[in-house]
Amino acid sequence: MNRTSCSQTSRMMERLLESDDPRKLTQADRDHIETCVDCRTAAARVAATEAGLGEFVEGIRLAESPGRFKLPTDSPVAMPEVSAIPAFLLVGAFALVLILTVLPFLRPARTETGVTPISTPAQSGSGDVRIALGTIMRADGWVVPPGSPITSSSELFRCYGNARLQFSNGTSISLQGAKFQAFPGGLVLKQGQIEVAVPKKGLVFSVTTPVIVLGIRGTHFIVRVAESGETAVSVSEGEISVTTVRNEEYPLRAGNSATVSAQGAWVFGPIGAGFPSTFTPEIGSQNPEVRSPTSAPSSISVTGIGSRSETLLDE
Amino acid sequence: MNTGSIDDTQSENDRNDTRIISEVLDGKVDAFHVVFERYGPAARYYFWNRCGEDRETAEDLTQEAFLRAYRSIRTFQLGSSFKKWFRTICNHLAIDHAKSLKAASLQAPAPPKAPPSCPAQIAVKRQIIEEALHLLSLRQREVFELKYVWDSTVEEVAQILGLPVGTVKTDLSQARKRLM
């Protein structure tokens, strides 16, 4: 029996138009449109519209396909986690490290004094990042003297007091009680404070902390990371882009400061009084066999950039 | 199969994205091309629409958006929606671009013209739909775009735009009615 006016038409239309796929009818709908012309016509109209939209989307996919994306060579994913590396690469890498790094250093380590006079840096890296000033120590306790390249991007370093890194692209980073990894395109700051000067606009450089990634646009700024990962950023010149772990991105311009909590919450404004402003690097607590020709003291208070003292909170 | 509650609520697309991003983070950086293929057209359409400009600008912004995503990939939380994360990047980029132009006329861009690279028949259909879309409110257009161009479910659209599901359904219904 065909009907010319159906009380269900508008309700069915509304339901279909609100659904993910208006062409999908329920069994009850299918049963109903068998006998109802109005509803059958309405459903057909909706389906035709949806088909047209499908063509529209296909047209966009056809017309809007962008050109090929070139993966940058200096990406932050250039440091794969050890667990993700295939076993044969691990073996190869281990052999390389053994030959180029460990063996030369073992000899001086066996000296009578127990002091490690590392005069020659490891040779395996590109040498793109050099220690310009200060004392920097590897996680295993070896001291890397000024002038040496930091050769392994995946290695964790610490600095005691003030130190400065010079990157081959002209970027210089002053460190205070910082725990970090350095690589040619940027630096991963685990804890402590750094002051970054990127010489020119357009230069690719990034700083990563536990809660943010900073994209840098030719500028001068300070980053502090507390034990919890909470990070404070203060820009003195130029502009940076801050992406938090919440996947939110914020621009930060000269004169601006912001703090990102350990949970990734963004607070724009001056760095709060609650943020640790003193960084004291712990020595020997995690590296009982620290051996340093410079006899680093067990606790150091350093003068911060500006005039504050900074303390590195132990992990 | 999925162990976490986050994974259980993920859409199939999100799960695929998460798998790909995991590969990228594991060092298989070429896998990033898969997300580029998947979201490239949507991103370019997004910039083409938002910036109301020439296709070269849309292309440049699309490349820049993927570059930003790639460089920030470590901040992406596995298990969350890559689509939402990436669209946020696109959004910020579009805002940055609009600011850089400082053009008041961008507030109400003229309906964009169908791209020349489109076959004529598709271009005409697209033009008709584009014209109809400009009769919608900004939010309705966003809902429509996310649903169709970004291939999202109603729930995903609601999540990305931070709207109640009911509101998204209403907007979607309005948009479809306009196009009928």
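Treat the numbers as computed from the prediction; the structure is a model and nothing was measured. (Residues numbered from 1 in each chain as written. Chains lettered and ligands numbered in written order. Predicted model: local features only at pLDDT ≥ 70, side-chain atom pairs only at ≥ 80, totals over all residues. Heavy atoms only, no water.)

Trainee: Could you give an account of the overall build of chain B, with specific residues and numbers?
Mentor: What chain B contains, in helices and strands, is 9 helices and 0 strands. In sequence order, the secondary structure elements of chain B are arranged as α-α-α-α-α-α-α-α-α. Of all 180 residues assigned to chain B, the portion counted as buried reaches 48%. If you take every contact in chain B between residues at least 6 apart in sequence, the share linking residues at least 24 apart comes to 63%. For chain B, the computed accessible surface area is about 8,300 Å², with 53% contributed by carbon and sulfur atoms. (Helix = DSSP H or I, 4+ residues; strand = E, 2+ residues; numbered from the N terminus. Buried < 20%, exposed > 50% of the residue type's maximum accessible area, 1.4 Å probe, protein only. Contact = heavy atoms within 4.5 Å. Areas by Shrake-Rupley, 256 points an atom, 1.4 Å probe, with all protein chains shown as cover.)

Trainee: Which residues make up the packing of helix H5 (residues 82-101) of chain B against helix H8 (residues 154-161) of chain B, and what values do they have?
Mentor: Residue and element names in this part refer to chain B. Two elements in contact, H5 and H8, have axes separated by 10 Å at closest approach and are oriented at 40°. Our classification of the angle between H5 and H8 gives oblique. When you trace H5 past H8, the crossing you get is right-handed. Contacts from Lys83, Lys84 and Arg87 of H5 reach H8 at Glu156, Gln159, Ile160 and Leu161. A class-by-class count of the residues in the contact of H5 with H8 yields 2 nonpolar, 1 polar and 4 charged. (Axes fitted to C-alpha atoms, helices over the stretch in contact; angles between N-to-C directions. Parallel < 35°, antiparallel > 145°, perpendicular 65-115°, else oblique. Left-handed = near helix turned anticlockwise from the far one by under 90°. Nonpolar A, V, L, I, M, F, W, Y, C, P; charged D, E, K, R; others polar.)

Trainee: Got a sec to walk through the nonpolar core? Specific residues and values, please.
Mentor: Within the largest apolar cluster, 53 residues are counted, with the highest numbers of intra-cluster contacts made by Phe32(B), Phe47(B), Phe82(B), Phe86(B), Phe144(B) and Trp150(B). Considering every element that reaches this core, the biggest residue donor is helix H3 (residues 32-51) of chain B, with 11 residues. Listed in part, the 38 residues of the second largest apolar core include Leu165(A), Ile216(A), Val223(A) and Ala258(A). (Core = buried A, V, L, I, M, F, W, Y, C linked by side-chain atoms within 4.5 Å.)

Trainee: Give a detailed account of unusual backbone geometry, specifying residues and quantitative values.
Mentor: Its identity is not glycine, yet Asp151(B) carries a phi of approximately 55°, on the positive side. Residue Asp151(B) is classed as partly exposed on the basis of its relative accessible area of 43%.

Trainee: Account for the pattern of salt bridges, with residues named and values stated.
Mentor: Opposite charge on two side chains permits them to pair, given that their charged atoms come into close proximity. Within this structure, the stated rule accounts for 16 salt bridges over all chains. Between Arg176(B) and Glu50(A) there is a salt bridge; the shortest N-O distance is 3.5 Å. You can see Arg176(B) sitting in helix H9 (residues 165-179) and its partner Glu50(A) sitting in helix H3 (residues 37-63), one on each of two chains. Pair check on accessibility: Arg176(B) and Glu50(A) agree, each one buried. Residues Glu58(A) and Arg61(A) are paired through a salt bridge, measuring 3.3 Å at the closest nitrogen-oxygen approach. Here Arg61(A) and Glu58(A) lie together in helix H3, a separation of 3 residues that amounts to about one turn. (Salt bridge = Lys/Arg side-chain N within 4 Å of Asp/Glu carboxyl O.)

Trainee: Please provide a residue-by-residue account of the packing of aromatic side chains, values included.
Mentor: Per the counting criterion, the structure on display carries 23 aromatic pairs over all chains. Look at Phe56(A) and Phe144(B): their rings are 6.0 Å apart centre to centre, the planes differ by 45°, and that puts the pair in the tilted class. In this pair, Phe56(A) is assigned in helix H3 and Phe144(B) in helix H7 (residues 138-148), connecting two distinct chains. Each member of the pair, Phe56(A) together with Phe144(B), is buried. (Phe/Tyr/Trp six-rings, centres within 6.5 Å; stacked < 30°, edge-to-face > 60°.)

Trainee: Describe the pairing of strand S9 (residues 231-237) of chain A, listing the residues and the values that go with them.
Mentor: Residue and element names in this part refer to chain A. Of the pairings in the sheet, the one linking strand S8 (residues 220-225) to S9 comprises 6 bridges and is antiparallel in character. Each residue of the ladder has a partner; that of Ile222, found in S9, is Ser234. When S9 meets strand S12 (residues 257-260), the two strands line up antiparallel, connected through 4 bridges. Within S12, the residue paired with Thr231 across the bridge is Val260. (Pairing = 2+ DSSP bridges.)

Trainee: Can you break down the interface of chain A and chain B residue by residue, with the values?
Mentor: Counting from both sides, the interface comprises 47 residues of chain A and, opposite them, 62 residues of chain B. Where chain A abuts chain B, roughly 4,800 Å² becomes buried across the two surfaces, and 60% of that area is made up of carbon and sulfur atoms. Linking chain A with chain B are 3 salt bridges, by the criterion used here. Between Lys177(B) and Glu14(A) there is a salt bridge, with the nearest N and O atoms lying 3.0 Å from each other. (Buried area = accessible area lost by both parts, 1.4 Å probe.)

Trainee: Lay out the state of the cysteines in plain terms, naming residues and giving numbers.
Mentor: Per the stated rule, a full pass over the model turns up 0 disulfides over all chains. Left unpaired, Cys39(A) is separated from the closest cysteine sulfur, that of Cys36(A), by 3.5 Å. (Disulfide = S-S within 2.5 Å.)

Trainee: Before we move on, can you summarise the environment of Pro72(A) with the specific residues and values?
Mentor: With respect to the element layout, Pro72(A) can be found in the loop between H3 and helix H4 (87-109). The exposure class assigned to Pro72(A) is buried, which follows from its relative accessible area of 14%. Sequence-distant contacts of Pro72(A), that is, excluding residues within four places in its chain, are made with Leu67(B), Tyr70(B) and Arg71(B).

Trainee: Run through the side chain of Arg44(B), naming residues and quoting values.
Mentor: Within the secondary structure, Arg44(B) sits in helix H3. The buried category is assigned to Arg44(B), whose relative accessible area is 9%. Every residue in contact with Arg44(B), bar those within four places of it in the chain, is listed here: Ala63(A), Glu64(A), Ser65(A), Pro66(A), Arg55(B), Ala58(B), Glu59(B) and Thr62(B).

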